[in-house]
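A closer look at the structure
Letter by letter, the chains look like this.
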Number of protein chains: 2
Amino acid sequence: MKISMSHGAGGEVMQGLISDIILGNLNNKQVNGGVGLDSLDDGATIPLGDYEIVVSTDSHTVNPIFFPGGDIGKISIAGTVNDVSMMGAKPLAITNAMVVSEGFSGEDFERIIKSMDEVCREVGVSIVTGDTKVMENDKLDSIIISTTGIGIAKRGQITRDSNLEVGNKIILTGSVGDHGISLMSYREGFGFETDLKSDVAPVWSMVEAALEVGGVKAMKDPTRGGIANALNELAEKSGVGMLLDEEKIPIKKEVHAASEMLGIDPYEVANEGKVIMGVEADKAEEILQAVRKTKYGKDAQIIGEVTNDKHVILETALGGKRILEAPIADPVPRVC
Amino acid sequence: MKISMSHGAGGEVMQGLISDIILGNLNNKQVNGGVGLDSLDDGATIPLGDYEIVVSTDSHTVNPIFFPGGDIGKISIAGTVNDVSMMGAKPLAITNAMVVSEGFSGEDFERIIKSMDEVCREVGVSIVTGDTKVMENDKLDSIIISTTGIGIAKRGQITRDSNLEVGNKIILTGSVGDHGISLMSYREGFGFETDLKSDVAPVWSMVEAALEVGGVKAMKDPTRGGIANALNELAEKSGVGMLLDEEKIPIKKEVHAASEMLGIDPYEVANEGKVIMGVEADKAEEILQAVRKTKYGKDAQIIGEVTNDKHVILETALGGKRILEAPIADPVPRVC
């Protein structure tokens, strides 16, 4: 068997690879009864005294490394901060392992580091340790940044992605498809790239606002595979369904236009600054208002609710219903 | 400025790159007063309640990925466990981010995962979370594994690499150069590879035995840049010198022979299963015996002591003295 690109796309084929080879061959997958690898959550937890240490890791290979709205440095820090945030933990520290190809521009390298610093300062996290390696340029093109985030939550206050209950409301914190569609448009050089940019941003401020209200049951940031993947994963892990009002799902005019032109479903591409939250119904409005007051949350919407169905169902403006499936493979590779 | 291979070799040029670009452009480099990025230690610490969380990260790009004595999976887990151990913390958890090239063999992938599992079971650490991405094979050759280790120590019981004091004894836990010289011989196909193999192994059992005795002042695992780099780093950070008895430095006959043939100094190449410990003089013999009783420590030696000189000085069998300098660049790239 040869590993193919579709394995890396966050879709079902990838899930199979992860399950079969990695999970099947590892014996030690959790520590002290915390959330471990088998959960395939956004991160893991290590219970320690009155706390839970939350860790999450990602290798970033985005292409191109500089794009409208951000770069690989910004996406590395924001993406890792976001995964820690999804577990309900305050992000504190980042480790940063970089592999750079021989001949890589020192100026570009510096620009990436500055970009990482900017996000760190915004969120209040620190890059506490790192590693830098150089690889021959016939072995690696460009740069790979692997970041691990460490966050802390009070014992027992972790948010799991499998915790949705029937009747919970689903909040989406902003417009969908911005990252994936803008990168794809930029790569294809369609010329409308000035209107479109990535939404890459740290979501902690939105999460913190929601956690302060209380009643957050489950969260996921819809990165690889887009909201189609994230919504289905939340539903599947919690053993529930969803009924969503398609008209409530925010989507930018330019993203809609570009996705039609590209023939790509904006629900299936990565977002890098959004959160899907499942919240208790009686707290939903208060959480929505709290999220809307934050820097990145002004377009947040309650898009539907959790049902005891087994599917994620979209209800269209005309009252039609369709099942939103998880994508088999990401239509836009290497955007995060 | 273009980044060149010598930047990645753990020598002085690399140190300059790290200092100038990374440290110079990052503002947030530590958390809660713990050991942070500026220390350039083996890892960082995050003080939390009665504990210190220790984290360390590395991207592994070893070439070839399978070699006598180990593979990239074994080196990834052992290397990260070892860095956490160097801080005096018990390794608990690993995060595992892998980037694999399209077309990579599924069988090789499985073999690597099994190898990781073996080291995890030996040490008692768990892989708690991970990420797997596939990259086009014209952008990446082979596989890159980025592991982050999380360990725990009691508050205030961290071992720093800057803590040596004049009069401390220096313990080296076994023979030098095995990893770097065996990989280089294997790559060159000299045909004597059956006698030579990498020493890649988790060193926690040796460290634990030493910590139980007490009196360990500073530790470093001599990976990139070999013992020449590690000894100088320990001395420089502590503001001391060393006087070492060259005859006491264990080196295998085959390593000696191969390094002569290759023209490579075995003191300057990576080891992957050794520790240099600076210990209180009155505990040195007891620590030595404790280390020798462990699986990987039977050849341990007290190789010298800490002086108030500013250099690391080797005393030869004939009584001659020479300064052991830190290498400018690793003579054997991509061995760890």
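Residues numbered from 1 in each chain as written. Chains lettered and ligands numbered in written order. Predicted model: local features only at pLDDT ≥ 70, side-chain atom pairs only at ≥ 80, totals over all residues. Heavy atoms only, no water.

The next point concerns the overall build of chain A. What chain A contains, in helices and strands, is eight helices and 14 strands. Against the compact-globule benchmark of 20 Å for 336 residues, chain A has a radius of gyration of 19 Å, which places it among compact chains. Counting only C-alpha atoms and orienting by the principal axes, one finds that chain A spans roughly 55 × 55 × 45 Å. Here the analysis covers contacts within chain A between residues at least 6 apart in sequence; of these, 82% occur between residues at least 24 apart. Of the roughly 11,800 Å² that chain A leaves accessible, carbon and sulfur atoms contribute 45%. Charged side chains in chain A number 32 positive and 51 negative. The centres of these two groups are separated by 3 Å. (Helix = DSSP H or I, 4+ residues; strand = E, 2+ residues; numbered from the N terminus. Rg over C-alpha atoms; globule rule 2.2 N^0.38 Å. Contact = heavy atoms within 4.5 Å. Areas by Shrake-Rupley, 256 points an atom, 1.4 Å probe, with all protein chains shown as cover. Lys, Arg positive; Asp, Glu negative; His and termini not counted. Charge placed at Lys NZ, Arg CZ, Asp CG, Glu CD.)

In the UniProt entry, the feature "domain: PurM-like N-terminal" (unreviewed entry) is given for residues 41-153 of chain A. Secondary structure across residues 41-153 of chain A divides into 29% helix and 46% strand, with the first and last C-alpha atoms of the span separated by 16 Å. (UniProt positions renumbered as here; feature names shortened; annotations may be inferred.)

This next bit is on the environment of K253 of chain B. Inspection of the secondary structure puts K253 of chain B in helix α7 (residues 253-262). With 46 residues separating them along the chain, K253 of chain B and D299 of chain B place their C-alpha atoms 14 Å apart.

Time to look at the packing of aromatic side chains. Think of a pair of aromatic rings as described by two things: how far the centres are apart, and how the planes are tilted against each other in angle. Taken as a whole and assessed by the stated rule, the structure comprises zero aromatic pairs over all chains. Sitting above the plane of the F66 of chain A ring, R111 of chain A keeps its charged end 3.7 Å from the centroid. (Phe/Tyr/Trp six-rings, centres within 6.5 Å; stacked < 30°, edge-to-face > 60°. Lys NZ or Arg CZ within 6 Å of the ring centre and 35° of its normal.)

All names here are of chain A. Per the domain assignment, the segments making up chain A are domain 1 (40-154) and domain 2 (161-323). A separation of 23 Å is found between the C-alpha centroids of domain 1 and domain 2. Taken together, the contact between domain 1 and domain 2 spans 28 residues of the former and 25 residues of the latter. In total, domain 1 and domain 2 occlude about 2,000 Å² of area from one another, counting both sides; carbon and sulfur atoms represent 61% of this. For domain 1, the biggest contributors to the area lost against domain 2 are P68, N82 and M86; these three give 28% of the whole. In this assembly, domain 1 and domain 2 are joined by two salt bridges. A salt bridge links K295 to E122; the nearest nitrogen and oxygen atoms lie 3.7 Å apart. Those elements that provide at least two residues to the side of domain 1 that touches domain 2 are β3 (66-67), α2 (72-86), β5 (90-101) and α3 (106-123). (Domains from an automatic or database assignment. Buried area = accessible area lost by both parts, 1.4 Å probe. Salt bridge = Lys/Arg side-chain N within 4 Å of Asp/Glu carboxyl O.)

To continue, consider the interface of chain B and chain A. Across the boundary between the two partners, chain B contributes 78 residues, which contact 78 residues of chain A. Interface of chain B and chain A: buried area, both sides summed, is about 7,100 Å²; carbon and sulfur atoms make up 65% of it. Our enumeration of links across chain B and chain A arrives at six salt bridges. R224 of chain B serves as the salt-bridge partner of D131 of chain A, at 2.5 Å between the closest nitrogen and oxygen. Where chain B touches chain A, the interface holds 35 residue pairs in polar contact (both at pLDDT 80 or more). Broken down by secondary-structure element, the contributors of at least two residues to the side of chain B that touches chain A are α1 (12-25), β1 (44-48), β2 (51-60), β5 (90-101), α3 (106-123), β6 (126-135) and β7 (143-154) of chain B. It is β6 of chain B that provides the largest number of residues to the side of chain B that touches chain A, a total of ten residues. For the side of chain B that touches chain A, a count of residues per class yields 35 nonpolar, 26 polar and 17 charged. (Polar contact = N/O pair within 3.5 Å; in protein donor to acceptor, adjacent residues only side chain to side chain. Nonpolar A, V, L, I, M, F, W, Y, C, P; charged D, E, K, R; others polar.)

Residue and element names in this part refer to chain A. Spatially, the seven strands line up as an open sheet ordered β9-β11-β8-β12-β10-β13-β14, and their pairing is mixed. The open sheet terminates on both sides in strands that have one partner only, identified here as β9 (216-220) and β14 (321-323). For this sheet, the mean angle separating the axes of adjacent strands, direction not counted, is 25 degrees. Note: strand β10 (residues 241-245) against strand β13 (residues 312-315), four bridges, orientation parallel. Bridging from a neighbouring strand, M242 pairs with V312 of β13. (Pairing = 2+ DSSP bridges. Axes fitted to C-alpha atoms, helices over the stretch in contact; angles between N-to-C directions.)

Moving on: the sheet that holds β7 of chain B. Residues and elements named next belong to chain B. Here five strands make up an open sheet; going across it, the order is β1-β2-β7-β5-β6 and the pairing mixed. Taken across any chain shown, the strands that pair with only one partner, and hence form the sheet edges, are β1 and β6. Recorded for the sheet is a direction-independent mean angle of 15 degrees between the axes of neighbouring strands. Sheet topology places β1 next to β2; five bridges connect them, and they run antiparallel.

The next subject is the packing of α2 of chain A against α3 of chain A. Residue and element names in this part refer to chain A. The geometry of α2 relative to α3 is characterised by a closest axis approach of 7 Å and an angle of 30 degrees between their N-to-C directions. The orientation of α2 relative to α3 falls into the category roughly parallel. The handedness of the crossing between α2 and α3 comes out as right-handed. Residues I72, G73, K74, S76, I77, A78 and V81 of α2 touch α3, and the partners they reach there are I112, S115, M116, V119, C120 and V123. Residues belonging to the contact of α2 with α3 are distributed by class as follows: nine nonpolar, three polar and one charged. (Parallel < 35°, antiparallel > 145°, perpendicular 65-115°, else oblique. Left-handed = near helix turned anticlockwise from the far one by under 90°.)

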